[in-house]
Amino acid sequence: SRDMKKVTMELGGKSPLIVFDDADLDNAISGAMMGNFYSNGQVCSNGTRVFVHESVLEEFVHELVERTKKMRIGNPTNMDTDIGPMAHEGQY
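Below is a short write-up of the structure. Each chain has its residues counted from 1, following the order in which its sequence is written. With pLDDT at 70 or above as the cut-off, local features in this predicted model cover only qualifying residues; side-chain atom pairs require 80 or more to be listed or tallied, and sums for whole chains, interfaces and linings still use all residues. The basis for the side-chain values is all heavy atoms of the structure; hydrogens and waters are excluded.

### Brief notes about the overall build of the protein
Secondary structure elements are defined from DSSP: runs of H or I of at least 4 residues count as helices, runs of E of at least 2 residues count as strands, and each element is numbered from the N terminus. Looking only at helices and strands, one finds 2 helices and 2 strands in the protein. For the protein, the N- to C-terminal ordering of α and β elements is β-α-β-α. Looking at the 92 residues of the protein, the share that counts as buried comes to 18%. About 7,600 Å² of surface is accessible on the protein, with carbon and sulfur atoms providing 55% of the total. The rule is simple: take the accessible area with a 1.4 Å probe, protein chains only, and divide by the maximum for that residue type; under 20% is buried, over 50% is exposed, in between is partly exposed. For accessible areas, the Shrake-Rupley method is used with a probe of radius 1.4 Å. Any residue's cover is judged against the shown protein chains and nothing else.

### Points about the nonpolar core
Here the nonpolar core consists of buried residues drawn from Ala, Val, Leu, Ile, Met, Phe, Trp, Tyr and Cys, with membership extended through side-chain atoms lying within 4.5 Å. The biggest cluster of nonpolar side chains holds 11 residues, and these are Val19, Leu25, Ala28, Ile29, Ala32, Met33, Val52, Val56, Phe60, Met71 and Ile83. Among all residues touching isoleucine 83, those that are not within four sequence positions of it are Phe37, Asn40, Met71, Arg72, Ile73 and Gly74. Here a residue-residue contact requires only that any non-hydrogen atoms of the pair lie within 4.5 Å.

### Quick notes on helix α1 (residues 25-37)
Here the expected span of a helix is defined as 1.5 Å times the quantity of residues minus one. Taking 1.5 Å of rise per residue, the 13 residues of α1 would be expected to cover 18 Å, and the 18 Å separating its terminal C-alpha atoms lies within 8% of that figure. Residues Leu25, Ala28, Ile29, Ala32 and Met33 constitute the buried set of α1. The buried residues of α1 occupy an angular sector of 135° when projected down its axis, which confines them to one face. Those residues of α1 that are exposed and aimed more than 90 degrees away from the buried face are Asp26, Asn27 and Met34. On its buried face, α1 is in contact with β1 (15-19), β2 (47-52) and α2 (57-69). Under the rule applied, a polar contact is a pair of N or O atoms within 3.5 Å (in protein, one hydrogen donor and one hydrogen acceptor; residues adjacent in sequence only if both atoms are side-chain atoms). Between a side-chain oxygen at the N-terminus of α1 and the backbone nitrogen of aspartate 26 the separation is 3.2 Å; the capping residue is aspartate 24. Starting at the helix axis, one direction is taken to each C-beta atom, and the arc is that of these directions.

### Examining the pattern of salt bridges
We define a salt bridge as a side-chain nitrogen of Lys or Arg found within 4 Å of a carboxyl oxygen belonging to Asp or Glu. Considering all chains together, one arrives at 3 salt bridges under this definition. A salt bridge links arginine 67 to aspartate 26; its shortest N-O distance comes to 3.0 Å. On the criterion of sequence distance, the pair formed by arginine 67 in helix α2 and aspartate 26 in helix α1 is long-range, its members being 41 residues apart. For the salt bridge of aspartate 82 with arginine 72, the shortest nitrogen-to-oxygen distance reads 3.1 Å. Placement of the pair is aspartate 82 in the segment after α2 and arginine 72 in the segment after α2, with a sequence separation of 10 residues.

Shown next, in the form of structure tokens:
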């Protein structure tokens, strides 16, 4: 088409995760956790919303909570740490 425009779009930030009723829930939960915890929310591509089909919502939330409770919070340079602090004194 002669009216076709070449564009570049910003694709980072506000990235939703959509979980359908036939999704592999284990994989979807892993994706949700990575999208929301991997960088502690400090990148523009951090997942900010998770939309889950109502028929699998209860199971999804239960498993997500259980897995989140098991995360080890600590020094991000320690290999045993799953999630580090959101901020530290040096950032003030």
